[in-house]
Amino acid sequence: MRSTVIVTLLVCCTPQLSLGNLFTDQVQSGCGDSLSETYLSKIREANINLFAPSSYFRGSATKFISSSGTTQLDTKKLCVDNATSYTGPIQLYDDGTHGDDVANDGVYTRDCVHYCEDKVDLSDFFGYAMLLGFVYSRLIVVDESLEGTVPYKVLNTPLTPGATAIASSHAFFFADVDRKYYPNFPTSMSPNASARPSGKSVGISALLSVFGDAFDYLTVTPLEKDHVEAIGGAGIYKWQHWDRRGGPMINNRIGDIEECFMAVSGVPTYRLTGIVTNGDVVEDTGGENHELVHGVSGYSYHMNLEKARNGDNAHTPGACTTDHSSLQAPVWDWVVGYPMMIPASDPQNRRGVRIEPNNDCQQCDDNALTSCCSFRYLDFPNTRDKMLASPELSTMSPLMLYIAGMIKADEVPEDKRTYYCMGSNTDGGCGADGDRKIKSMFASKYQRDHYSPISNISKAAESRPECVYKVDASDRSKVTSEYVSRFTLDELIDTNGGTRFPEERFKVVRNAAIHISSRLPSEAEIVFYTMLWRHHETEVEPWDRLEEGRPPVEPWYFHTGGHSVLHSRLHGIDCGEGGADVPSCFSGNGDVCEGYPCGAGAVCKDLDGRPFCMCREGLVGDGIECTFASETMYDKRPSAHELGQGDKEHCFAENSDWTDFVSESSLPPYPGGQAPYSPTSCGSNVCRAGWRCDKNKGTCLKPKGSSICEKQSGLSKGECLALGCCKWAGGQKKCKRRRKNNKCPLPKDPSVKKSCADLNTCCY
């Protein structure tokens, strides 16, 4: 078995290559990528339109390719060659000229395509970029002054040979240039999909092998956008909870997913809780927020209380007032249900309505709510100004902030501690005429043919129940229903077994972004996505888009009402001159660990300006909950070699090098958070949690009581005593080292007597 700590590791990364070196033979005169036969082979098999690269610096250009039969690109926003204003349709070629890489292969091409200069407005996207869609593809132009300002490194990832891994300060790029791991990309991520991640998710394993278990969540997303998506929509897969808000507890058996991740990446993933997959992190910020809210708040806090209604068992019902964040659906049509929403009063607003109780509800007795209580429709805010004017209609409610671990229960205002649900059946979807209405709401044949809920609902149309509860919405300001329930925050807390623990777990959410592609990213793409994730950390207000109808970009900080920070920093990668205003590019001010809810037995450090909790050596957990490995199944997980000798398809990618190794000792070295990118890096070594670093020598030193007990600020009595070499000075309310034991020994696990029968498989 593998021990839980990997100590001495190899230096991981090649020196930073110049941009010219990385992109040699990839760019043709600033007019677009030269595309390999390997890349084009799968493009030919699908009807795809793409810009390659999808981002370019203003003043240069890119290439447009099409395997969909398109032979002209006709939009007044795009120009070609040296034109600065529209001159007519852009002709595409399949004859080996004008940037076409292979003649007569069915892929039509035109290089040197760019936005017409009079159409460029960089205020579209946080003031540094503009992006629009063309024939199911997307083109991004980036401020030319940012060229050369975002450092990056090409990483050595020996566990994923043949792929190129690149990291900037806030974005990770996994380029499967040989199509070894994602052979059908961009039409599919199979067989190495990450919607239900395993060791097959090689992009994830590559990230973890270099940066270690430093993240709460990861987001996997395609580098380029097209209408035949490798990832359709957004979703999250979660597998472990270390706190007591619900779900599997720490004494449950480790699952298949953790086994694969830990074995194949060489990193114990005690902290990583879930993987978000998002087909479009650029324009679907609501989708990204939605999945992350799922991650931090769980799925079922409201399902245990009948009066709170369970909707579709995963989301807050639109006909309830408990939350109006991205986790809540719109108010669906009272007869048809999903996906037909109650329209907003503004015909230009396509986001539907929220529902709120009128003041008369406060005077109603519980047994007279249906006859006494009325509600009103409020348009979902669809612009920056409207969102700022009514943040309660688009951001997380106080209840959701409490459930998500961002505020304490006693911080929920008194006037926000009572909630209502109303409506027809649970969340719409009743009535025999629903099928007809759903089909009629789609204008184009493409929508009717491709929108999957239509066929699903059509099949169930005959069995759709009658609407048990009637809703009268003839007056949008006084909507009444035959079903109304009311409940309180205290009832929800009691039903879920008590207050959330810990109450402020996710004031910082560490989420790394992995951008998957089958070609190298351009510098403009690296810059754009790095800046995107930095803005999600720093922006406090929504950002309006230029094109009418596009929803504003909604940063995580605004969505959480300023109670949580989305921290996407990749530790150890230089931010460059553009990171001067990004807090995660620096250490925090003062003691960032003061008062942070690290668990008993955990140590805290300032990691890129935010507190980072780690279970000290001898314990396992996410730094909020720490326990002995024997209390879980973490010490019983198989090694990579053991997994490879059994069901190879269980964890390993097709054609994986891993399955060719005949013994554990023949495997390549595990990076496991290689210096200088691990949270506990020390020169060319990675130290155990709680150990000290001699920066001059680059060596790890055993912890002393003075460093692990007295330099930890804000420890409670229980946290102090759990560290194993500390005592509690009650009068001073401080944690002190024990004088007779300056060194800090490992916490002793009284229930386990460990042995190692095979040194090749358990002692590295």
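Calculation criteria
- Residues numbered from 1 in each chain as written.
- Predicted model: local features only at pLDDT ≥ 70, side-chain atom pairs only at ≥ 80, totals over all residues.
- Heavy atoms only, no water.
- Helix = DSSP H or I, 4+ residues; strand = E, 2+ residues; numbered from the N terminus.
- Buried < 20%, exposed > 50% of the residue type's maximum accessible area, 1.4 Å probe, protein only.
- Areas by Shrake-Rupley, 256 points an atom, 1.4 Å probe, with all protein chains shown as cover.
- Polar contact = N/O pair within 3.5 Å; in protein donor to acceptor, adjacent residues only side chain to side chain.
- Contact = heavy atoms within 4.5 Å.
- 1 Å grid on protein atoms, 1.4 Å probe; cavity = no way out; pocket = protein on both sides within 12 Å on 5 of 7 lines; lining within 4 Å.
- Points joined across faces, edges and corners; volume = space filled by probe spheres on them.
- Nonpolar A, V, L, I, M, F, W, Y, C, P; charged D, E, K, R; others polar.
- Salt bridge = Lys/Arg side-chain N within 4 Å of Asp/Glu carboxyl O.
- Pairing = 2+ DSSP bridges.
- Axes fitted to C-alpha atoms, helices over the stretch in contact; angles between N-to-C directions.
- Disulfide = S-S within 2.5 Å.
- Phe/Tyr/Trp six-rings, centres within 6.5 Å; stacked < 30°, edge-to-face > 60°.

Colleague: Sorry if this is basic, but what is going on with the overall build of the protein here?
Modeller: Counting its regular elements, the protein contains 19 helices and 33 strands. For the protein, with 764 residues in total, the buried portion stands at 56%. Total accessible area on the protein stands at roughly 30,800 Å², and carbon and sulfur atoms take up 48% of it.

Colleague: Could you clarify how one ought to interpret the side chain of Asn358 in this entry?
Modeller: Structurally, Asn358 can be placed in the loop between β16 (353-357) and α6 (369-372). A polar atom in the side chain of Asn358 sits 3.1 Å from the side chain of Arg376. Asn358 has contacts with Ser374, Phe375, Arg376, Ser477 and Lys478, leaving out every residue within four places of it along the chain.

Colleague: Explain empty space enclosed by the protein here, please?
Modeller: The method is simple in principle: a probe with the dimensions of a water molecule rolls over the atoms, and the space it marks as empty is what remains. For the structure shown, the criterion picks out 6 cavities of 30 Å³ or more. By volume, the second largest cavity amounts to about 90 Å³. Every residue lining the second largest cavity is listed: Asp216, Arg271, Arg505, Val508, Arg510, Tyr596, Pro611, Phe612, Cys613, Asp622 and Ile624. When contributions to the lining of the second largest cavity are tallied by element, the ones reaching two or more residues are β22 (508-517) and β25 (610-615). No other element matches the 3 residues that β25 contributes to the lining of the second largest cavity. The class makeup of the residues in the lining of the second largest cavity is 6 nonpolar, no polar and 5 charged.

Colleague: Where do I start with the pattern of salt bridges in this structure?
Modeller: Working definition: two side chains of opposite charge can pair if their charged atoms are close together. Scanning all chains against the criterion turns up 28 salt bridges. The salt bridge partner of Arg476 is Asp379, with a shortest N-O separation of 3.9 Å. Of this pair, Arg476 sits in the loop between β19 (471-472) and β20 (480-481) while Asp379 sits in strand β17 (residues 375-379), and the two are 97 residues apart along the sequence. Arg417 is the partner of Asp490 in a salt bridge, and the nearest nitrogen-oxygen pair spans 3.9 Å. Of this pair, Asp490 sits in helix α12 (residues 489-495) while Arg417 sits in the loop between α8 (398-403) and β18 (418-422), placing them 73 residues apart in sequence. The class for Asp490 is partly exposed, based on a relative accessible area of 46%. Salt bridges here are not isolated pairs; linked through shared partners, they connect Asp124, Glu283, Arg545, Glu547 and Arg550.

Colleague: Looking at this structure, how should I read the sheet that holds strand β1 (residues 49-51)?
Modeller: Paired through their backbone hydrogen bonds, the strands of a sheet run either parallel or antiparallel. In spatial order, the strands read β1-β3-β7-β5; together these 4 strands make up an open sheet with antiparallel pairing. Edge positions in the sheet fall to β1 and β5 (78-80), since each has one partner strand and no second. Here the average twist between neighbouring strands, direction ignored, is 40°. Relative to strand β7 (residues 108-115), strand β3 (residues 62-66) runs antiparallel, the two being bridged by 4 bridges. By the bridge assignment for β7, Thr62 is matched with Val113.

Colleague: Quick question: what am I supposed to make of the state of the cysteines here?
Modeller: Applying the stated criterion across every chain, the model contains 14 disulfides. Each disulfide pairs two cysteine sulfurs, and for Cys575 the partner residue is Cys585, the sulfurs being separated by 2.0 Å. Every disulfide takes its handedness from the sign of the S-S torsion; for Cys575 and Cys585 that torsion is -90°, giving left-handed. Here the residue Cys575 occupies a position in the loop between β23 (565-567) and β24 (602-607), and Cys585 occupies one in the loop between β23 and β24, the gap between them amounting to 10 residues. Cys585 carries the same exposure label as Cys575, and that label is buried. A disulfide bridge connects Cys709 with Cys726, and the sulfur atoms are separated by 1.8 Å. The S-S bond linking Cys709 to Cys726 shows a torsion near -80°; that makes this disulfide left-handed. Here Cys726 lies in strand β32 (residues 726-729) and Cys709 lies in helix α17 (residues 705-710), a separation of 17 residues in the sequence. Residue Cys709 is classed as buried on the basis of its relative accessible area, which comes to 0%.

Colleague: What's the story with the packing of aromatic side chains in this structure? I'm lost.
Modeller: Ring pairs (aromatic) are described by centroid distance and by the angle formed between their planes. Across all of its chains, the model carries 17 aromatic pairs by this definition. Between the aromatic rings of Tyr115 and Phe134, the centroid separation amounts to 6.0 Å while the plane-to-plane angle is 55°, which identifies the pairing as tilted. Pair noted here: Tyr115 is in strand β7 and Phe134 is in strand β8 (residues 129-134), with a separation of 19 residues, a long-range link. Across the pair, exposure class does not vary: Tyr115 and Phe134 are buried alike.

Colleague: When you look at the sheet that holds strand β9 (residues 137-142) in this model, what are you seeing that I'm missing?
Modeller: Strand order in the open sheet made by the 3 strands is β2-β9-β8, with mixed pairing throughout. In this open sheet, the two strands that pair with only one neighbour each are β2 (55-57) and β8. Within the sheet, the average angular offset between the axes of one strand and its neighbour, ignoring direction, is 20°. Judged from the 3 bridges that link them, β2 and β9 form a sheet pairing that is parallel. Paired with Ser55 across the strands is Ile140, a residue of β9. Packing of helix α13 (residues 523-538) onto the sheet brings it into contact with β2, β8 and β9, and relative to β2 it is tilted by some 100°.

Such coordinate-based values are descriptive only and should not be taken to indicate function.
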